[in-house]
Amino acid sequence: MSIMMFSGVSITGISAAVPIKVVDNLSLGGGLFSDQEIHNTVATTGIRYRRVADPGICASDLAVAAAESLFEEMGLDRSSIDYIIFMSQTPDYRQPATAALIQNRLGLRKDIGALDINMACSGYIYGLSTAYSFCNSKGIDRVLLLVGETLSKIVSKDDRATSLLFGDGAAATLIEKTTRESGSAFSLNTDGSRYDVLLIKGGGYRYPSSPSTLEKKLFSDGSVRSMENLYMDGIEVFNFTMNEVPRDVRKLLAECALSVDSLDYLVFHQANKIITDFIVKKLKLQSSKVPYCLDRFGNTSAVSIPLTLVSELKNELQSGALELVLSGFGGGLSWATAYVSTDNVCVAGVIEV
């Protein structure tokens, strides 16, 4: 795909919300994992703590909380929002779109568009590029991008590949037309031939919910999961990431005539530490330019990039201009890279729900 480029559109506000419940992975030894296996997994993935939503909390609840926090912090007139996008793999219902429910809950105008996007770990970049595109149109000045996930609801607690990785959370990002000539660029990519590397096979319309899709099965590695739980081939995900992500970052930087040295920060999807560390090594990046938050929140899928921005770069975003590269990769398989410049972004911080 050609690089999408924009000017006169910027991120002006961002916030995040996470569940109040904290799970310490080191406390989970003695069952599916031995104590030594738990310690080894935490050391290699970098994921010590995860936030897990209560059964009654949906991704939309976290997203609404993040949006309300952002509105309050910015003193924003919510009638000024012209479009709302909700990015999630865990919507409230199959029908209708969750964005419509959020429009009502936030008390937004009725004469605005409300759109759901179903993407995985590259979803924030896909959503951001969509928001920039809308905001680049005549008649749309402000777009609210909400990203929310409660992956704890779709991961088997007895799956050795996934049970210690995923956390829940949400983020709200305000994108709007600006008078400054701020440049941005996006590279979006997809390889659907490898769809089965990250897959929830049952519960859709190819394999509708039934006793067989809900049946828990024991696998050779000792994992127990159903067809309606997330399956992940960790080795294939790692190989895909190492092959595609560094190449895409280099491509985007070349198209924008930028160098790694000219960037302030590179924010990668928080899959696990070993993946990000390999990307850092392959691109020869300064580790000080690559922030992490997965040690405290886990892999929150598409939420992980904005959550990292809010939790790790709040002061930097608020205090002046930054040149950022954002990179997401995961289910689809899909991967996406963005270059964005920001200036005095309002950051509401991370709230607990």
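Preceding this section is the structure that the text describes.
Now for a quick tour of the structure. (Residues numbered from 1 in each chain as written. Predicted model: local features only at pLDDT ≥ 70, side-chain atom pairs only at ≥ 80, totals over all residues. Heavy atoms only, no water.)

Right, let's get into the overall build of the chain. A count of helical and extended segments in the chain gives 10 helices and 17 strands. Relative to the 2.2 N^0.38 estimate, which gives 20 Å for 353 residues, the radius of gyration of the chain is 19 Å and therefore close to what a compact globule would have. Referenced to the eigenvectors of the C-alpha coordinate spread, the extents of the chain come out at roughly 60 × 45 × 35 Å. By the burial criterion, 54% of the 353 residues in the chain qualify as buried. Of the contacts made within the chain by residues no fewer than 6 positions apart, 79% connect residues no fewer than 24 positions apart. By element, 51% of the accessible surface of the chain is carried by carbon and sulfur atoms, the whole surface being about 14,700 Å². If the 32 positive side-chain charges of the chain are averaged to one point and the 39 negative ones to another, these points end up 3 Å apart. (Helix = DSSP H or I, 4+ residues; strand = E, 2+ residues; numbered from the N terminus. Rg over C-alpha atoms; globule rule 2.2 N^0.38 Å. Buried < 20%, exposed > 50% of the residue type's maximum accessible area, 1.4 Å probe, protein only. Contact = heavy atoms within 4.5 Å. Areas by Shrake-Rupley, 256 points an atom, 1.4 Å probe, with all protein chains shown as cover. Lys, Arg positive; Asp, Glu negative; His and termini not counted. Charge placed at Lys NZ, Arg CZ, Asp CG, Glu CD.)

Let's shift gears to the pairing of strand β6 (residues 113–117). Pairing between strand β5 (residues 83–87) and β6: five bridges, direction parallel. Paired with I84 across the strands is A114, a residue of β6. Regarding the hand of the β-α-β motif, the stretch spanning β5, helix α3 (residues 98–105) and β6 is right-handed. (Pairing = 2+ DSSP bridges. Right-handed = clockwise from strand over helix to strand, strands pointing away.)

Where α3 is concerned, the buried positions are T98, A99, I102 and Q103. What you see down the axis of α3 is that its buried residues fit within an arc of 145°, all on one side. Close packing links the buried residues of α3 with α2 (59–74), β5, β6 and β7 (142–150). Positive phi appears at G107, one or two residues downstream of α3, with a value of about 65°. (Arc of directions from axis to C-beta.)

Moving on, we come to the side chain of S88. Counting through the fold element by element, S88 comes out in the loop between β5 and α3. At 2.9 Å, the side chain of S88 forms a polar contact with the backbone nitrogen of T90. Here G148 takes part through its backbone oxygen, which lies 2.7 Å from a polar atom of the side chain of S88. Ignoring sequence-local partners within four residues, the contact set of S88 consists of A59, I117, N118, M119, G148 and E149. (Polar contact = N/O pair within 3.5 Å; in protein donor to acceptor, adjacent residues only side chain to side chain.)

What follows deals with the sheet that holds β6. A sheet is described by the order of its strands in space; here six strands give the open sequence β6-β5-β7-β8-β2-β17, paired in mixed fashion. Strand pairing shows two members of the sheet lacking a second neighbour, β6 and β17 (346–352), which therefore form its edges. Across this sheet, the average inter-strand angle for adjacent strands is 15°, counted without regard to direction. One ladder, built from nine bridges, connects β7 with strand β8 (residues 168–177); its direction is antiparallel. Among the inter-strand pairings, L144 is bridged to a residue of β8, identified as L174. (Axes fitted to C-alpha atoms, helices over the stretch in contact; angles between N-to-C directions.)

This part covers the packing of aromatic side chains. Under the criterion given, the structure shown has six aromatic pairs. Ring centres of F6 and F186 lie 5.9 Å apart, and the angle between their planes is 75°; on these two criteria the pair is classed as edge-to-face. Highlighted residues: F6 in strand β1 (residues 4–7) and F186 in strand β9 (residues 183–190), separated in sequence by 180 residues. F6 gets classed as buried once you look at its relative accessible area, which sits at 10%. When the centroid spacing of 5.6 Å and the interplanar angle of 70° are considered together, the rings of F240 and W335 count as edge-to-face. Remark: W335 occurs in strand β16 (residues 334–343) and F240 occurs in helix α6 (residues 234–255); sequence separation between them is 95 residues. (Phe/Tyr/Trp six-rings, centres within 6.5 Å; stacked < 30°, edge-to-face > 60°.)

Quick look at the pairing of β7 now. Counting buried positions along β7 gives eight out of nine residues, so the element sits mostly inside the fold. Relative to β7, β5 runs parallel, the two being bridged by five bridges. For F86, the partnering residue across the bridge sits in β7 and is L146.

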